[in-house]
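# Reading the structure
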Amino acid sequence: MPTTAPRADFGAPRHVAIIMDGNGRWAAARGLPRGEGHRRGVEALRKTVRAAGELGIGILTIFSFSAENWMRPASEIRDLMGLLRRFIRNDLAELHGNNIKVRIIGERDGLAPDIRRLLEEAEDLTRHNTGLILVVAFNYGARQEIARAMRGIAEDVAHGRLTPDAVSAELVASRLDAPDLPDPDVIIRTSGEQRLSNFLLWQAAYSELVFVPIYWPEFDRAALENALAEYRRRERRFGGLVVEAGS
Ligand code: IPE
Ligand code: IPE
Ligand code: MG
């Protein structure tokens, strides 16, 4: 009887990252204002966080607002900031009750003081939780994150705390916003767009990319399971060769 050995990465990936895209198009397709798409997007997020915990995912990173999203009309930015405020106020207790640890990546300088406080409150309250790690990328841009890391390294070199030859890929990685977390195994993007839009450029070096042709408000546990099934069909090589079981 032919046997297939389970692949090394069989089971849930450790770190799943999601570009939650298509809220506006979901709304437009229904003749609704874009803000309604964002509100429905929060519902999809709740479902996805629950499903990620149930499926045994260790880390879920979500792209919720990019450094470039400030270019949108003021009314849409107001909607999005309002939703973030409401999400933290309404959902933080439940996230905490479910042992979820919230982490924030992105630039905090320049955010409205009350938003900054809410982000800090979410991290502080859940700091010692041991369940799913929910990483919220807010006011996040990967190039800006890498530039911040470089600035810190340049300051250390300028002050003689580091020599240029100490600057390695590992050192740069250790200066990113969440240096203790492993790179995402898979990055899922909804809405059919096939690009990273300045998300986790450094960390995505060997991530599998899964593009899903549905809008974010339609995403749910079944969609997540489908995306993870696609991930499991991939063969990750990291530049090396796959060692077949038994060889
Ligand atoms: C994703 O949906 C949410 C954010 C970027 C904040 P979009 O608002 O980008 O929706 P589309 O891509 O315009 O449909
Ligand atoms: C990426 O989506 C940002 C978030 C999902 C938060 P965008 O909708 O901003 O990306 P582009 O503009 O289509 O590349
Ligand atoms: Mg979009």
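Below is a summary of the structure that appears in this document. (Residues numbered from 1 in each chain as written. Chains lettered and ligands numbered in written order. Predicted model: local features only at pLDDT ≥ 70, side-chain atom pairs only at ≥ 80, totals over all residues. Heavy atoms only, no water.)

As a further point, take the pattern of salt bridges. Per the counting criterion, the structure on display carries 28 salt bridges. Here Glu54 and Arg221 are joined by a salt bridge, their closest N and O atoms 2.5 Å apart. Of this pair, Glu54 sits in helix α2 (residues 34–54) while Arg221 sits in helix α7 (residues 221–233), and the two are 167 residues apart along the sequence. Residue Glu107 is joined to Arg148 by a salt bridge in which the shortest nitrogen-to-oxygen separation is 3.1 Å. Pair noted here: Glu107 is in the loop between β3 (101–105) and α4 (113–126) and Arg148 is in helix α5 (residues 142–158), with a separation of 41 residues, a long-range link. Judged by relative accessible area, which is 24%, Glu107 ranks as partly exposed. (Salt bridge = Lys/Arg side-chain N within 4 Å of Asp/Glu carboxyl O. Helix = DSSP H or I, 4+ residues; strand = E, 2+ residues; numbered from the N terminus. Buried < 20%, exposed > 50% of the residue type's maximum accessible area, 1.4 Å probe, protein only.)

Moving on: the site of ligand 2. Ile19, Met20, Asp21, Phe63, Ser64, Phe65, Asn69, Arg72, Arg189, Arg195 and Ser197 make up every residue found near ligand 2. A distance of 2.6 Å is found between an oxygen atom of ligand 2 and a side-chain nitrogen or oxygen belonging to Ser197. Alone, ligand 2 offers 390 Å² of accessible surface; in the complex the protein occludes 78% of this. For the shell around ligand 2, the per-class residue count stands at 4 nonpolar, 3 polar and 4 charged. (Near = heavy atom within 4 Å. Polar contact = N/O pair within 3.5 Å; in protein donor to acceptor, adjacent residues only side chain to side chain. Areas by Shrake-Rupley, 256 points an atom, 1.4 Å probe, with all protein chains shown as cover. Nonpolar A, V, L, I, M, F, W, Y, C, P; charged D, E, K, R; others polar.)

Checked against the element boundaries, Arg127 lands in the loop between α4 and β4 (133–140). The class for Arg127 is partly exposed, based on a relative accessible area of 40%. Separated by 60 residues in the primary sequence, Arg127 and Ile187 place their C-alpha atoms 25 Å from one another. At 2.5 Å, the side chain of Arg127 forms a polar contact with the side chain of Asp124.

This part covers the site of ligand 1. In the vicinity of ligand 1 lie 13 residues, with Asp21, Gly24, Arg25, Arg34 and Arg72 positioned nearest. The contact in question runs from an oxygen atom of ligand 1 to an N or O atom on the side chain of Arg72, over 2.6 Å. If ligand 1 stood free it would expose 370 Å²; the protein chains cover 87% of that surface. Class assignment for the residues of the shell around ligand 1 results in 2 nonpolar, 6 polar and 5 charged.

The next point concerns α7. Along its 13 residues, α7 runs 19 Å from first to last C-alpha, staying within 8% of the 18 Å computed at 1.5 Å per residue. Taken together, the buried positions of α7 are occupied by Ala223, Leu224, Ala227, Leu228 and Tyr231. What you see down the axis of α7 is that its buried residues fit within an arc of 135 degrees, all on one side. Opposite its buried face, α7 presents the exposed residues Asn226 and Arg233, each directed more than 90 degrees away. Summarising the contacts, the buried residues of α7 are in contact with β1 (15–19), α2, β5 (186–189) and β6 (208–211). The residue sitting at the N-terminus of α7 and contributing the capping side-chain oxygen is Asp220; that oxygen lies 3.2 Å from the backbone nitrogen of Ala222. (Expected span 1.5 Å × (residues − 1). Arc of directions from axis to C-beta. Contact = heavy atoms within 4.5 Å.)

Take unusual backbone geometry next. Not every positive phi belongs to a glycine, and Asn198 is a case in point at roughly 65 degrees. Positive phi values are uncommon outside glycine, yet Leu200 reaches one of about 45 degrees. Examined against the element boundaries, Leu200 turns out to sit in the loop between β5 and β6. Exposure remark for Leu200: the relative accessible area of 3% places this residue in the buried category.

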